[in-house]
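Architecture at a glance
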Amino acid sequence: MLHIKKLLTLVLTSTAMLVSTISFASESVSVNVQGNKVEAVIHLPGNISADMTLQFENAVGLTKESLGLTAEIIDVTSLDFIDRLPDGLNISPSAAFPMMITIEPLANSGFSFSGLASVDLHTHNLEYTAGTPLRFFKAPLNGEFKDITMTMGAGSYRTRGSTGRFSQFIIVADLRAPLVVVNQKFNDLQTALNDFSSKINAAVYSMLLQDVNEINQLILSNNYHMASSKLNDFNRRINDNKGINIPDVWRSSRDIHNVAGELMAYANTLRFSLRLIK
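Residues numbered from 1 in each chain as written. Predicted model: local features only at pLDDT ≥ 70, side-chain atom pairs only at ≥ 80, totals over all residues. Heavy atoms only, no water.

1. Some thoughts on the overall build of the protein
- Regarding its fold elements, the protein presents seven helices and 13 strands.
- Burial statistics for the protein: of 278 residues in total, 49% are counted as buried.
- When the accessible area of the protein is evaluated, it comes to approximately 12,700 Å², of which 53% is carbon and sulfur surface. (Helix = DSSP H or I, 4+ residues; strand = E, 2+ residues; numbered from the N terminus. Buried < 20%, exposed > 50% of the residue type's maximum accessible area, 1.4 Å probe, protein only. Areas by Shrake-Rupley, 256 points an atom, 1.4 Å probe, with all protein chains shown as cover.)

2. Regarding the confidence of the model for the protein
- Confidence along the protein averages 91 in pLDDT terms, with 90% of residues attaining 70 or more.
- Confidence drops under a pLDDT of 50 for residues 1-26, and excluding neighbours within four residues, the segment shows 47 contacts in the predicted structure. (pLDDT = per-residue confidence, 0-100. Contact = heavy atoms within 4.5 Å.)

3. Brief notes about the pattern of salt bridges
- Under the counting rule described, the total for this entry stands at 15 salt bridges.
- Between Glu39 and Lys37 there is a salt bridge, with its nearest N and O atoms 3.5 Å apart.
- For Glu39, a relative accessible area of 37% corresponds to the partly exposed category.
- Taking the shortest distance from any N to any O, the salt bridge between Arg251 and Asp255 comes out at 2.7 Å.
- Through salt bridges with shared partners, a single network forms among Asp211, Glu214, Lys230 and Arg237. (Salt bridge = Lys/Arg side-chain N within 4 Å of Asp/Glu carboxyl O.)

4. Looking at the packing of aromatic side chains
- Counting across every chain of the model gives 11 aromatic pairs.
- A centroid spacing of 5.9 Å and a plane angle of 35 degrees characterise the contact between Phe111 and Phe166, whose relative ring orientation is tilted. Pair noted here: Phe111 is in the loop between β6 (99-103) and β7 (112-123) and Phe166 is in the loop between β11 (157-163) and β12 (168-174), with a separation of 55 residues, a long-range link. Here the two residues Phe111 and Phe166 agree in accessibility, since each one is buried. (Phe/Tyr/Trp six-rings, centres within 6.5 Å; stacked < 30°, edge-to-face > 60°.)

5. Side note on the side chain of Asn258
- On the secondary structure map, Asn258 appears in the loop between β13 (249-251) and α7 (259-274).
- Only 2.7 Å separates the side chain of Asn258 from the backbone oxygen of Gly115, close enough to count as a polar contact.
- Excluding residues that lie within four positions of it along the chain, Asn258 makes contacts with Phe113, Gly115, Gly164, Pro247, Asp248, Val249 and Trp250. (Polar contact = N/O pair within 3.5 Å; in protein donor to acceptor, adjacent residues only side chain to side chain.)

6. Let's talk about the pairing of strand β1 (residues 28-34)
- Looking at chain direction, β1 and strand β2 (residues 37-44) are connected through seven bridges and run antiparallel. Bridged to Asn32 within β2 is Glu39.
- In this structure, the hairpin formed by β1 and β2 is closed by a connection of two residues, where Gly35 is found at a positive phi of approximately 65 degrees. (Pairing = 2+ DSSP bridges.)

Now the structure itself:
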């Protein structure tokens, strides 16, 4: 724990001078769209930079203009911003990488996608080390941030998450205990499934609910490996029924819910956290 605390201190203070009391709009955001894939290169003041890749299963009307991707330097000490975190005492925005990326397509852009969107972020401003507390968080526009990390690794720092809708993205240092994170992510998955119950075929919903109940029991019995395997079954069931018994389309008009994408994204990040419990 001492090592982690020292690492957090380094993350929060090593480049604090880069952060001002106001946010700056993007100085340079280059976006390249090829089919269902988007590659963005971002350079902000203070040598803050990142590469972001979005991969869609199937996108319609995807262009640089319709995507609405912007980035900015944030004030990591702002109470308004810290209040958007689920635990302001144990989760802190990275002062070495005070970048927030926003993807907010215009309502009339005609852009839509189906299924799950994967989001990869790479930056040289951070370094990956074993046991790093760095995590990939997202939030609805001006809403609460949640952990969406699926993978992370070296190459300075690389991370991947997934989503069924668009969001704001940041990197934070998360010092919560792994089991606390697992329990929060399970609650998020369970709540989302309950909220979407009326939009899912009744028979399929019953099977998904049974899956979630079994995952809960496996977590409670500390059988994290089997809980992770059961999450794979949960996602396969969604994948087999998406577009038929489970809505799976997000569109810029925001009049429908990508239920399949959102549920699978919750399951993906929960599986990542289960693997961190020793």
